[in-house]
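Notes for the structure review
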Amino acid sequence: MTDDKWEDDIDVEDEGEEESVAMTYDIATYPSDYTLSGISQMWADGDISIPNYQREFVWSIKQSSLLIDSFLCGLPVPPVFFYIDEKNRNLVIDGQQRILSVVFFMEGYFGKESTHGKRQVFRLSGLGEKSLYENKKFVELSESDQRKLKQSVLRAVNIRQLNPIGESTSAYHIFERLNTGGTPLKPQEIRNCVFMGKFSEQLKEANNDRNWRKIVGKLLIDKHQKDVELLLRIFSLVGADDKYEKPMREFLNNSMKRNESGETKKVKKFFEAFHKVTEEVVSVLGEKPFHLRGPLNVSALDSVMCVLIESSKSLKRSGLKDRYSSLIKDSDFTSSTSINTTDAKTLQQRFAVVRKHLLAKQQ
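This structure is a prediction, so every number in the text was calculated from the model and none was measured.

Analysis parameters
Residues numbered from 1 in each chain as written. Predicted model: local features only at pLDDT ≥ 70, side-chain atom pairs only at ≥ 80, totals over all residues. Heavy atoms only, no water. Helix = DSSP H or I, 4+ residues; strand = E, 2+ residues; numbered from the N terminus. Buried < 20%, exposed > 50% of the residue type's maximum accessible area, 1.4 Å probe, protein only. Areas by Shrake-Rupley, 256 points an atom, 1.4 Å probe, with all protein chains shown as cover. Axes fitted to C-alpha atoms, helices over the stretch in contact; angles between N-to-C directions. Parallel < 35°, antiparallel > 145°, perpendicular 65-115°, else oblique. Contact = heavy atoms within 4.5 Å. Nonpolar A, V, L, I, M, F, W, Y, C, P; charged D, E, K, R; others polar. Polar contact = N/O pair within 3.5 Å; in protein donor to acceptor, adjacent residues only side chain to side chain. Pairing = 2+ DSSP bridges. Arc of directions from axis to C-beta. Phe/Tyr/Trp six-rings, centres within 6.5 Å; stacked < 30°, edge-to-face > 60°. Salt bridge = Lys/Arg side-chain N within 4 Å of Asp/Glu carboxyl O. pLDDT = per-residue confidence, 0-100. Expected span 1.5 Å × (residues − 1).

Topic: the overall build of the chain
A count of helices and strands for the chain gives 15 helices and 7 strands. A buried classification covers 50% of the 363 residues belonging to the chain. Carbon and sulfur atoms make up 49% of the accessible area of the chain, which totals about 18,400 Å².

Focus: the packing of helix H7 (residues 198-206) against helix H11 (residues 265-285)
Relative to each other, H7 and H11 sit at 5°, their axes nearing to 12 Å. The pairing of H7 with H11 is recorded here as roughly parallel in orientation. Residues Phe199, Gln202, Leu203 and Ala206 of H7 form the contact with H11, whose participating residues are Val267, Phe271, Phe274 and His275. For the contact of H7 with H11, a count of residues per class yields 6 nonpolar, 2 polar and no charged.

Things to note about the side chain of Ser303
Along the chain, the position of Ser303 falls in helix H12 (residues 298-310). A distance of 3.3 Å separates a polar side-chain atom of Ser303 from the backbone oxygen of Ala300. If we skip the residues at most four places from it in the chain, Ser303 touches Phe333, Arg350, Phe351 and Val354.

Some remarks on the pairing of strand E4 (residues 90-94)
Counting buried positions along E4 yields 4 of 5 residues, so the element is predominantly enclosed. Across 2 bridges, strand E2 (residues 48-49) lies against E4 in parallel orientation. Bridging across to E4, Ser49 finds its partner in Leu91. As judged from the 4 bridges shared by strand E3 (residues 80-84) and E4, these two strands associate in the antiparallel manner. Opposite Phe82, over in E4, you have Val92 as the bridge partner. Taken together, E3 and the strand that follows it, E4, pair antiparallel across an intervening segment of 5 residues, in which Asn88 is found at a positive phi of about 60°.

Considerations on helix H1 (residues 36-44)
Because each turn of an α-helix spans 3.6 residues, side chains separated by three or four positions end up pointing in the same direction. Along H1, the residues that are buried comprise Leu36, Ile39, Ser40 and Met42. Burial along H1 is one-sided: seen end-on, the buried residues are contained in an arc of 160°. A positive backbone phi angle near 80° is found at Gly46, which sits one or two residues after H1.

Section: the packing of aromatic side chains
Per the counting criterion, the structure on display carries 15 aromatic pairs. Here the aromatic rings of Phe104 and Phe110 are separated by 6.3 Å at their centres, their planes lie at 70°, and the arrangement is edge-to-face. This pair shows no difference in class: Phe104 is buried, exactly as Phe110 is. Relative to Phe251, the ring of Tyr244 lies with its centre 5.0 Å away and its plane at 80°, an arrangement referred to as edge-to-face. As far as the burial class goes, Tyr244 and Phe251 line up, both buried.

Considerations on the packing of helix H2 (residues 61-73) against helix H3 (residues 96-107)
Contact pair H2 / H3: the axes reach a minimum separation of 9 Å and the direction vectors enclose 80°. By the angle between their directions, the pair H2 and H3 is classed as roughly perpendicular. Contacts from Ser64, Leu67, Ile68 and Phe71 of H2 reach H3 at Arg98, Ser101, Val102 and Phe105. Here the contact of H2 with H3 is composed, by residue class, of 5 nonpolar, 2 polar and 1 charged.

Examining the environment of Ile221
With respect to the helices and strands, the residue Ile221 is situated in the loop between helix H8 (210-216) and helix H9 (226-237). Relative accessible area serves as the criterion here: at 36%, Ile221 is assigned to the partly exposed category. Spatially, the C-alpha atoms of Ile221 and Asn207 are 7.8 Å apart, while their sequence positions differ by 14 residues.

Some remarks on the pattern of salt bridges
The final tally for this structure, using the stated rule, is 18 salt bridges. As a salt-bridge pair, Asp94 and Arg98 come within 3.1 Å of each other at their nearest N and O atoms. Here Arg98 falls in the buried class, since its relative accessible area comes to 13%. Between Glu201 and Lys204 there is a salt bridge, with its nearest N and O atoms 3.3 Å apart. With Glu201 and Lys204 both in helix H7 and 3 residues apart, this pair spans about one turn of that helix. A relative accessible area of 41% places Glu201 in the partly exposed class. Taking the relative accessible area as the measure of exposure, Lys204 reaches 23% and is therefore partly exposed. Bridged by salt links that share partners, the residues Arg89, Lys257 and Glu260 form one connected network.

Considering the confidence of the model for the chain
Per-residue confidence for the chain averages 87 on the pLDDT scale, and 85% of its residues sit at or above 70. Confidence drops under a pLDDT of 50 for residues 1-7, and excluding neighbours within four residues, the segment shows 10 contacts in the predicted structure.

Comments concerning the environment of Ala28
Within the element layout of this structure, Ala28 appears in strand E1 (residues 26-35). When the C-alpha atoms of Ala28 and Leu162 are compared, they prove to be 6.7 Å apart, with 134 residues separating the residues in sequence.

Observations regarding H2
With 13 residues, H2 extends 18 Å from end C-alpha to end C-alpha; this agrees with the ideal 18 Å at 1.5 Å per step. Here H2 has its buried residues at Ile61, Ser64, Ser65, Leu67, Ile68, Asp69, Ser70, Phe71 and Leu72. Positive phi shows up at Gly74, right after H2, with a value of about 75°.

Written as structure tokens, this is what we have:
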């Protein structure tokens with residue numbers, strides 16, 4: 001029997017289903033025809049970005065070879081989908097395998113480096129003995145075929161948000177709807193795709209904090225980044241519970257968008273306090289203090305952690321354990337961490353009762 005702290009899925013108390021987002025966007029969708037040499041150059045220049053959420057390149061050399069053969073033979077190839085962000089980056093929504101197959105073949109090497117620093121030479125394979133291109137590298141193609149391949153066209157469907165300006169969370173919803181692969185992405189995995197600034201990396205780094213791991217009750221990182229989403233939720237609600245509006249998912253999207261650069265005052269203040277507060281919580285309240293009824297109670301976690309972070313410079317450690325014990329016995333706290341926990345009124349009531357117990361009784 002394994003200890004559940006070694007499992008990589010965080011067991012959280014169910015908060016129920018949230019309603020869909022009622023928002024209207026002005027979206028431009030238009031095609032672009034890129035030559036394969038253009039695609040290869042855009043990749044080299046960093047103008048095409050495959051977000052770090054994305055799964056690794058998984059095509060076999062035969063699959064990639066068949067794609068290249070299709071271009072050489074003039075057969076149709078499905079389009080790729082780009083989301084054009086505010087910095088004019090082409091974020092790949094769909095088409096990673098096709099784009100990288102083209103890039104790899106023109107580079108001459110298949111896939112990434114091995115752990116020994118070596119790369120496999122890309123020779124077309126699996127095309128059949130009668131193929132003119134079987135076992136050929138790009139540089140071994142005739143000059144005519146090299147030109148034909150470089151001038152072959154891959155169509156891209158470009159998606160750009162026009163309005164609302166400065167609130168480009170439509171990328172999240174587009175990704176959510178087009179993400180129909182075998183293992184659909186979870187919300188935080190999608191956020192890491194479309195909000196790719198420094199803040200995303202800061203959250204993942206803070207997620208390794210040893211005391212934070214004790215608070216969520218899992219030594220291993222959650223494979224779907226639920227723990228990172230919990231961190232984002234705490235960050236987003238610090239000093240902002242009175243501004244919160246449902247649904248929680250869109251509230252978190254907007255927060256991650258606003259702080260994408262990782263350079264805002266809120267980001268700096270939060271991470272200055274975060275490590276201190278997690279250490280205090282584990283030291284005073286012990287491990288897994290928010291597992292009130294078995295699984296981790298997210299609403300208890302968000303309210304208590306936010307209040308402690310907001311007051312980190314003035315909070316009295318003495319008596320904190322007793323004040324917390326009093327809090328979790330409060331019927332208002334129990335109800336606001338049990339039912340409709342992401343409703344704005346319930347959330348604000350929860351934060352108020354936490355402040356009443358943890359701050360008002362300090363000496």
